[in-house]
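Here is how the chains run, residue by residue.
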Amino acid sequence: MSPAMRVLVTGAAGQVGVDLVDTLRALKPPGADPSFQPDAKPVGDDEFAVFALTRHELDITNRDVLRSAIATTRPEVIVHLAAYTQVDKAESDHVTCFAVNAQATETMSLAAHDVGAHLITISTDYVFDGTKGTGYVEDDVTNPLNVYGASKRAGELLCASDDTIMRVSWVMGVRGKNVLHVIAERAAMGETVRFVDDQVGTVTLASDMARALVTTVRERPGGYWHVANTGTTSWFEVAKYAGSLLGRGEDFATPILTSELEPRPAATRPARSDLDTAKWRGQWAALPSWREGVARLLGERDRRVQT
Ligand SMILES: NC(=O)c1ccc[n+]([C@@H]2O[C@H](COP(=O)([O-])OP(=O)(O)OC[C@H]3O[C@@H](n4cnc5c(N)ncnc54)[C@H](OP(=O)(O)O)[C@@H]3O)[C@@H](O)[C@H]2O)c1
């Protein structure tokens with residue numbers, strides 16, 4: 001039997017981190033589709049030796065601690081999920097956002113190379129300005145509209161050319177803070193919601209993304225990859241569909257324009273930043289449809305609320 005592959009995960013307590021760590025340990029994260037694995041190879045019980053580091057254990061902005069954590073654990077692959085993800089707060093917190101998303105990612109890439117590890121880092125659809133009018137492919141021109149997007153693009157550019165950069169969008173996990181939980185809470189309280197219909201994108205379920213990451217850990221492809229669940233949608237469509245699954249009628253969700261949002265969000269978002277995943281689908285299986293993923297997440301949430 002070959003020895004377990006040593007994989008270090010940063011941001012292990014984040015919404016993708018918890019699902020990835022479970023998946024690498026051959027456990028099923030809540031709400032995951034057990035039959036889905038993009039390379040069709042089930043995860044073996046002892047396939048990976050996982051070093052799961054939370055912010056508490058490793059503050060990635062501390063260069064010496066970061067280098068020492070990598071030198072000590074000597075991973076073969078690093079999945080770098082730790083990030084500053086508060087998109088609106090970043091507008092007034094530029095320095096911290098860049099320290100985490102750009103400078104620490106560069107240190108991670110350099111430290112990974114020092115020990116011969118392959119780095120997989122995560123980026124975002126917010127590197128694009130949303131004016132293309134159709135799905136974005138990996139080599140489309142970037143032009144971030146907000147500080148968070150600019151910091152993630154800077155992080156991409158500070159990586160080495162053989163690192164893997166996986167761009168994802170609108171991430172939703174059963175155990176994460178995300179808009180689906182807000183929608184479900186409002187539905188349960190008998191309230192209605194208003195969501196923008198003029199921001200179009202692609203949803204990425206954390207548990208499905210974790211499966212894609214396992215494939216990427218095994219294959220170490222290098223370069224840019226767009227990964228998201230299948231199908232393009234708007235925030236209003238997500239809210240309307242979630243409302244229907246939660247037993248609410250047509251009047252649950254009202255479509256509005258971004259210009260009608262009150263209070264106005266600090267960060268500008270791209271109008272249409274859906275990720276075209278054709279490159280991924282040319283190599284491995286497509287992620288399930290976003291509707292199927294949202295139904296799984298809400299089903300699991302419902303089960304947890306009732307037990
Ligand atoms: N969420 C989305 O919609 C979305 C969309 C596109 C791309 N992405 C990217 O996907 C990746 C995973 O995102 P996610 O949704 O799992 O985000 P998340 O839930 O916010 O998790 C990020 C984790 O990073 C940790 N972190 C922040 N600063 C750190 C530091 N200085 N040192 C160590 N850890 C630190 C956070 O800890 P604290 O909670 O203690 O701050 C958190 O546990 C990120 O690269 C993100 O940019 C996310």
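Figured I'd write up the structure that's included with this text. These numbers were taken from a predicted model, which means no experiment stands behind them.

### A look at the site of the ligand
Contacts to the ligand come from 22 residues, most closely from Arg 55, Ile 60, Thr 85, Tyr 148 and Lys 152. Between the ligand and the protein, one listed contact pairs an oxygen atom with a side-chain N or O atom of Arg 55 at 2.6 Å. Tyr 148 is positioned with one of its side-chain polar atoms (N or O) 2.7 Å from an oxygen atom of the ligand. Bound to the protein, the ligand loses 79% of the 900 Å² it would expose on its own. Among the secondary structure elements, those contributing two or more residues to the shell around the ligand are helix 1 (15-24), strand 4 (118-124) and helix 4 (147-157). Ranked by the residues each element gives to the shell around the ligand, the list is headed by strand 4, at 3 residues. Class assignment for the residues of the shell around the ligand results in 13 nonpolar, 6 polar and 3 charged.

### A word on the pairing of strand 1 (residues 5-10)
For strand 1, the tally of buried residues reaches 5 of 6 residues, placing the bulk of the element in the interior. Judged from the 6 bridges that link them, strand 1 and strand 2 (residues 48-53) form a sheet pairing that is parallel. By the bridge assignment, Met 5 is partnered in strand 2 with Phe 48. Considered for its hand, the β-α-β crossover made up of strand 1, helix 1 and strand 2 is right-handed. Pairing between strand 1 and strand 3 (residues 77-80): 4 bridges, direction parallel. Note that in strand 3 the partner of Val 9 across the bridge is Val 79.

### Considerations on the layout of surface pockets
If you add up the space inside the second largest pocket, you get close to 180 Å³. Forming the walls of the second largest pocket are 13 residues, and the residues nearest its centre are Pro 34, Gln 37, Pro 42, Val 43 and Arg 211. Looking at side-chain class alone, the lining of the second largest pocket contains 7 nonpolar, 3 polar and 3 charged residues.

### Quick word on empty space enclosed by the protein
Evaluated as defined, the whole model comprises 2 cavities of 30 Å³ or more. Looking at the largest cavity, its volume works out to about 70 Å³. Around the largest cavity, the lining comprises 13 residues; the ones closest to its centre are Asn 101, Thr 105, Thr 121, Ile 122 and Lys 152. Taken together, the elements giving at least two residues each to the lining of the largest cavity come down to helix 3 (94-114), strand 4 and helix 4. For the lining of the largest cavity, a count of residues per class yields 5 nonpolar, 6 polar and 2 charged. One number sums up the size of the second largest cavity: a volume of about 30 Å³. Across the lining of the second largest cavity, the residue classes break down as 5 nonpolar, 4 polar and no charged.

Calculation notes
Residues numbered from 1 in each chain as written. Predicted model: local features only at pLDDT ≥ 70, side-chain atom pairs only at ≥ 80, totals over all residues. Heavy atoms only, no water. Near = heavy atom within 4 Å. Polar contact = N/O pair within 3.5 Å; in protein donor to acceptor, adjacent residues only side chain to side chain. Areas by Shrake-Rupley, 256 points an atom, 1.4 Å probe, with all protein chains shown as cover. Helix = DSSP H or I, 4+ residues; strand = E, 2+ residues; numbered from the N terminus. Nonpolar A, V, L, I, M, F, W, Y, C, P; charged D, E, K, R; others polar. Buried < 20%, exposed > 50% of the residue type's maximum accessible area, 1.4 Å probe, protein only. Pairing = 2+ DSSP bridges. Right-handed = clockwise from strand over helix to strand, strands pointing away. 1 Å grid on protein atoms, 1.4 Å probe; cavity = no way out; pocket = protein on both sides within 12 Å on 5 of 7 lines; lining within 4 Å. Points joined across faces, edges and corners; volume = space filled by probe spheres on them.

These figures capture arrangement, not role.
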